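# Structural features, examined
What follows is each chain in one-letter form.
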Amino acid sequence: MQLTEADDDLIGRVKAALGSPPARLGVAVSGGGDSLALLHLLAKAYFAQNVQIEAVTVDHGLRAEAADEAELVRRQCSAMGIPHAIAHWTRWAGEGNLQSEARTARYRLISEWAKRRNLDVVCLGHTQGDVAETFLMRLGRESGVDGLARMADQFTRHEVAYRRPLLEISRQELRDFLLRHAIEWCDDPSNVNEAFDRVRARRALEVLSDLGLTAANLSKVAQYMGDARDVISRQTTALADSVVTETLGDLMIDRAGLMLAEPELRRRLLSAAIKWVGHSDYTPRRQGVSDLDKAVTEQRGFALGGCLITVNSKSLRIAREYNAVRDSVEHSPIWDRWQIDGPWKVGMQAKPLGEPEVAGLENWRDGELPRRSLMSSPAVWYKDELVAAPLANFGKGWSVSLRGGDFRSSMGSDCII
């Protein structure tokens, strides 16, 4: 492949977006033009460097053409000496929002692959056009600063680092790159199906361009919104530093200090707290958090996002809600947001402690957690016998730690996906 000046420019922009390259770099490739262009640009960018590149294609099993698209990616990877894997999604039962379920599954499958392959970073092919389309869709949903901010160029999902190096590159520039070098790609039929919001947003951009509402301009506005979001996020973090105390997975918030803060900062802090304690990839809906803020004002208990919030005149405690985890059972020492350490053996199960078991433990009151928090805390069982409940001071040689870090560090990981 003889590189042109335009190619060199694209490669330079991709390298600048990624910064120092990792030793092991993954890339998610669907077979569409954007992700295939990213694959080839990464290969050219790091051909002469000691960077191991691997690719994965997710086959959602929803279209007959998907297998052919995966095969196209495999052939191109093979020609470049890039290892390629196909991840299959087979779990959709026809319930819920298909696009949302497929996106969730896609991240899960890619993350599982990345961890198996010990990759440092996984690159995604979202472009300037994706930023503009997302901006329009969220504008129609009356989104605030967070929703209108540009999607994050780096984030973590399922304990895997993701990067988006094409956010300032247009879809047309990528198509031109592919055409210059006669690289084949596939066009997903859903990209012209106006039943999907994103396709209608893409069509709207074509009409709005006469008013200066181009993908490039909207992408800049989204970046400005991102800058504003970052300032507000820093203020929220400062508020957390002054009013939040973490206690064995629970969060204690000084009520007086919280109520003195601006409503928007309160909302953001409560959202971050619910997301962290509730072990969710997403912040709760705005209305739910507004209702929680009202409950805090009125000193009422509340439940939201898998969390139980108890309130008194001095403080509020945000704990994992027992009903949210009571049916959660794992046959490994990783349960909910906890890593369990101890003499684990085959046949053991990790699940919540539960109310009767808390009442039956002599020393549970000696710890730092109240009964409701202990009910949803991690416990180890062997058949029907309780082996350990570390947060309730039961079980010699057992301990637990939170996966994903403490609350303070989690506040910097929110992103627009």
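The structure we're discussing is the one just above.
So, here's what we can say about the structure. Predicted model only: the values in this text are computed from it and were never measured.

Within the protein chain, the secondary structure is distributed over 16 helices and 17 strands. Computed over C-alpha atoms, the radius of gyration of the protein chain comes to 24 Å, within 12% of the 22 Å expected from 2.2 N^0.38 for 417 residues, which places it in the range of a compact globule. The dimensions of the protein chain, computed from C-alpha atoms along their principal axes, are 75 × 50 × 40 Å. Every one of the 417 residues in the protein chain was classed for burial, and the buried ones make up 46%.

Pairing is antiparallel in the open sheet, where 5 strands are placed in the order β7-β8-β11-β10-β9. Each edge of the open sheet is held by one strand with a lone partner, namely β7 (244-247) and β9 (302-304). Each strand of the sheet is rotated relative to its neighbour by a mean of 20°, with strand direction disregarded. Two elements, β9 and strand β10 (residues 307-311), share 3 bridges in a ladder whose sense is antiparallel.

This part covers the packing of helix α1 (residues 5-18) against helix α2 (residues 33-45). Two elements in contact, α1 and α2, have axes separated by 9 Å at closest approach and are oriented at 85°. For the element pair α1 / α2, the angle class is roughly perpendicular. Two secondary-structure elements touch here, α1 through Leu-10, Ile-11, Val-14, Lys-15 and Leu-18 and α2 through Leu-41, Leu-42, Lys-44 and Ala-45.

Counting across every chain of the model gives 28 salt bridges. Of the charged contacts in the structure, one is a salt bridge between Arg-180 and Asp-7, with a shortest N-O distance of 2.6 Å. One end of the pair, Arg-180, is in helix α7 (residues 171-180); the other, Asp-7, is in helix α1, and 173 residues separate them in sequence. A relative accessible area of 37% means that Arg-180 is categorised as partly exposed. A relative accessible area of 0% places Asp-7 in the buried class. Asp-250 is the salt-bridge partner of Arg-317, the closest N and O atoms lying 2.8 Å from each other. Residue Arg-317 is found in strand β11 (residues 315-320), and its partner Asp-250 is found in strand β8 (residues 250-254); the two are separated by 67 residues along the sequence. Residue classification places Arg-317 among the buried positions, given a relative accessible area of 17%. Here Asp-250 falls in the buried class, since its relative accessible area comes to 3%. Taken together, the salt bridges that share partners define one network made up of Asp-34, Asp-130, Glu-133, Arg-171, Arg-175 and Arg-202.

Glancing now at empty space enclosed by the protein. Under the defined criterion, the tally for this structure stands at 2 cavities of 30 Å³ or more. Taken as a whole, the largest cavity spans an internal volume of roughly 70 Å³. Taken together, Leu-248, Gly-249, Asp-250, Arg-320, Arg-337, Trp-338, Leu-369, Ser-373, Ser-376, Ser-377, Pro-378 and Leu-391 form the lining of the largest cavity. The computed volume of the second largest cavity comes to approximately 30 Å³. Around the second largest cavity sit Val-131, Thr-134, Phe-135, Gly-147, Leu-148, Ala-149, Arg-150, Met-151 and Ala-222, which together line it. Elements supplying a minimum of two residues to the lining of the second largest cavity: α5 (128-140) and α6 (145-148). A breakdown of the residues in the lining of the second largest cavity according to their chemical character gives 6 nonpolar, 2 polar and 1 charged.

In this section: the pairing of β7. Judged from the 4 bridges that link them, β7 and β8 form a sheet pairing that is antiparallel. For Thr-245, the partnering residue across the bridge sits in β8 and is Met-252.

Attention now goes to helix α11 (residues 263-277). Between its first and last C-alpha atoms α11 spans 21 Å; for 15 residues at 1.5 Å apiece the expected length is 21 Å, and the two agree. Summarising burial for α11: 13 of the 15 residues are buried, a large majority. Just downstream of α11, His-279 is the residue with a positive phi angle, here 55°.

A separate point is unusual backbone geometry. Notably, Asp-336 is not glycine yet its phi reads approximately 50°, a positive angle. By the secondary structure assignment, Asp-336 is in the loop between β12 (334-335) and β13 (338-341). Classification of Asp-336 by relative accessible area gives buried; the value is 14%. Positive phi is not limited to glycine here, since Asn-393 has a value of about 60°. Look at Asn-393 and you get partly exposed, because its relative accessible area is 45%.

Judged by how many residues are buried, strand β15 (residues 378-382) sits mostly within the fold: 4 of 5 residues are covered. The pairing of β15 with strand β16 (residues 385-388) spans 3 bridges and is antiparallel. Residue pairing in the sheet places Trp-381 in a bridge with Leu-386 of β16. Where β15 folds back onto β16 in an antiparallel hairpin, the turn is made up of 2 residues, including Lys-383, whose phi is positive at roughly 60°.

Next up on the list: α1. Taking 1.5 Å as the rise per residue, α1 with 14 residues should run 20 Å; its terminal C-alpha atoms sit 20 Å apart, in good agreement. Buried within α1 are the following residues: Asp-7, Leu-10, Ile-11, Val-14 and Leu-18. End-on, the buried residues of α1 take up no more than an arc of 95°, which puts them together on one face. Counted as exposed and oriented over 90 degrees from the buried face of α1: Glu-5 and Ala-16.

Rules used throughout
- Residues numbered from 1 in each chain as written.
- Predicted model: local features only at pLDDT ≥ 70, side-chain atom pairs only at ≥ 80, totals over all residues.
- Heavy atoms only, no water.
- Helix = DSSP H or I, 4+ residues; strand = E, 2+ residues; numbered from the N terminus.
- Rg over C-alpha atoms; globule rule 2.2 N^0.38 Å.
- Buried < 20%, exposed > 50% of the residue type's maximum accessible area, 1.4 Å probe, protein only.
- Pairing = 2+ DSSP bridges.
- Axes fitted to C-alpha atoms, helices over the stretch in contact; angles between N-to-C directions.
- Parallel < 35°, antiparallel > 145°, perpendicular 65-115°, else oblique.
- Contact = heavy atoms within 4.5 Å.
- Salt bridge = Lys/Arg side-chain N within 4 Å of Asp/Glu carboxyl O.
- 1 Å grid on protein atoms, 1.4 Å probe; cavity = no way out; pocket = protein on both sides within 12 Å on 5 of 7 lines; lining within 4 Å.
- Points joined across faces, edges and corners; volume = space filled by probe spheres on them.
- Nonpolar A, V, L, I, M, F, W, Y, C, P; charged D, E, K, R; others polar.
- Expected span 1.5 Å × (residues − 1).
- Arc of directions from axis to C-beta.

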